[in-house]
Amino acid sequence: MDWEALLAPYKQAVDELKVKFRGIREQYQKTIKQSPIEFVTGRVKPINSILNKAWQKNIPLDKIEEEIQDLAGLRIMCQFTDDIKKVIDMLRNRKDFEIVEERDYITNKKPSGYRSYHLVIRYPVQTLDGEKPLLVEVQIRTLAMNFWATIEHSLNYKYQGQIPKDIQLRLQRAAEAAGRLDEEMAEIRGEVQEAQIVFSERTDDGPGSAPTT
């Protein structure tokens, strides 16, 4: 299989969507409104991960584009849980792609403690052979959710999906702590946003204008 040719359109989709989603944040920065998007990342799934997932789910290689929804993936990070809904609503209103599936792992968190909101979209890329619609997974989460998910992913990789029970329990407690952090930050959101505006204004005045500690 020519993996480079297969995955090239997915890389194009990731690059284009990163520009578009980052553009939303930049548009907010030109207004007095606080952006619900903190930052955006994206990647194309590594070949070894694709092969491993295909093997685990018994997916033939000629069916991976149809049955593996996260060959291309974007993550949109938000500061506050309320921002997640704002981002979801914005994406639902876009006309440049179609949402084909939504999975709410925030209201219905996984047993491991994992929380995030997933959208699977069908995004058209323009190729030399014409338009090609691709499935792309978009994950929307807070910074606290992302920190926890990054650690859990690393441990899953280390233990090949068989994390020891004691570490699983500690991860679950950490997930609960991250959830409480999100709740606490939501309660003091107004103070946080006011402080960010003040800091941004002082930083924009020039080098050395920000307060030191």
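Heads up: the structure comes first, above all this text.
This one's a predicted model, so the numbers in the text were calculated from it and none came from an experiment. (Residues numbered from 1 in each chain as written. Predicted model: local features only at pLDDT ≥ 70, side-chain atom pairs only at ≥ 80, totals over all residues. Heavy atoms only, no water.)

Chemist: Could you clarify how one ought to interpret the overall build of the protein in this entry?
Modeler: The number of helices and strands found in the protein is seven helices and five strands. What you see in the protein, going N to C, is helices and strands ordered as α-β-α-α-β-α-β-β-β-α-α-α. For the protein, the spread of C-alpha atoms along the three principal axes comes to 55 × 50 × 30 Å. For the protein, the residues scored as buried account for 36% of the 213 residues in total. Contacts in the protein between residues far apart in sequence, at least 24 positions, make up 63% of those at least 6 positions apart. Across the protein, the 32 positively charged side chains and the 34 negatively charged ones have centroids separated by 3 Å. (Helix = DSSP H or I, 4+ residues; strand = E, 2+ residues; numbered from the N terminus. Buried < 20%, exposed > 50% of the residue type's maximum accessible area, 1.4 Å probe, protein only. Contact = heavy atoms within 4.5 Å. Lys, Arg positive; Asp, Glu negative; His and termini not counted. Charge placed at Lys NZ, Arg CZ, Asp CG, Glu CD.)

Chemist: Explain the sheet that holds strand β3 (residues 98-104) here, please?
Modeler: By way of backbone hydrogen bonds, the strands of a sheet pair with one another, either parallel or antiparallel. The strand order β1-β2-β5-β4-β3 describes an open sheet built from five strands, whose pairing is mixed. The outermost strands of the open sheet, each flanked by one partner alone, are β1 (39-44) and β3. Adjacent strand axes in the sheet meet at a mean angle of 25° when their direction is disregarded. Of the strands in this sheet, β1, β2 (72-78), β4 (117-127) and β5 (130-142) are in contact with helix α1 (residues 3-29), which crosses β1 at around 175°. The sheet strands contacting helix α5 (residues 143-158) are β1, β2 and β5, and the helix crosses β5 at an angle near 100°. (Pairing = 2+ DSSP bridges. Axes fitted to C-alpha atoms, helices over the stretch in contact; angles between N-to-C directions.)

Chemist: I tried to follow the packing of α5 against helix α6 (residues 165-187) on my own but got confused; where do I start?
Modeler: Working note: a packed helix pair is described by the angle between its axes plus the distance between those axes. At their nearest, the axes of α5 and α6 sit 9 Å apart, and the two run at 165° to each other. Viewed along their axes, α5 and α6 adopt a mutual orientation that is roughly antiparallel. The handedness of the crossing between α5 and α6 comes out as right-handed. Residues Ala 144, Met 145, Trp 148, Glu 152 and Leu 155 of α5 pack against Ile 167, Leu 171, Ala 174, Ala 175, Ala 178, Leu 181 and Asp 182 of α6. Residue composition of the contact of α5 with α6, by class: 10 nonpolar, no polar and two charged. (Parallel < 35°, antiparallel > 145°, perpendicular 65-115°, else oblique. Left-handed = near helix turned anticlockwise from the far one by under 90°. Nonpolar A, V, L, I, M, F, W, Y, C, P; charged D, E, K, R; others polar.)

Chemist: Would you mind going over the nonpolar core with me for this structure?
Modeler: A general feature of soluble globular proteins is that nonpolar side chains tend to end up buried together. Counting residues in hydrophobic clusters, the biggest one holds 36 residues, and the most contacted among them are Phe 21, Ile 76, Leu 91, Val 138 and Ile 140. The set of elements that each furnish at least two residues to this core consists of α1, α2 (47-56), β2, α4 (81-92), β4 and β5. Broken down by element, the residue count for this core peaks at nine residues, all from α1. Ignoring sequence-local partners within four residues, the contact set of Ile 140 consists of Ile 76, Cys 78, Ile 84, Val 87, Ile 88, Leu 91, Ile 106, Ser 116, Tyr 117 and Leu 119. Listed in part, the nine residues of the second largest apolar core include Ala 149, Ile 167, Leu 171 and Ala 175. (Core = buried A, V, L, I, M, F, W, Y, C linked by side-chain atoms within 4.5 Å.)

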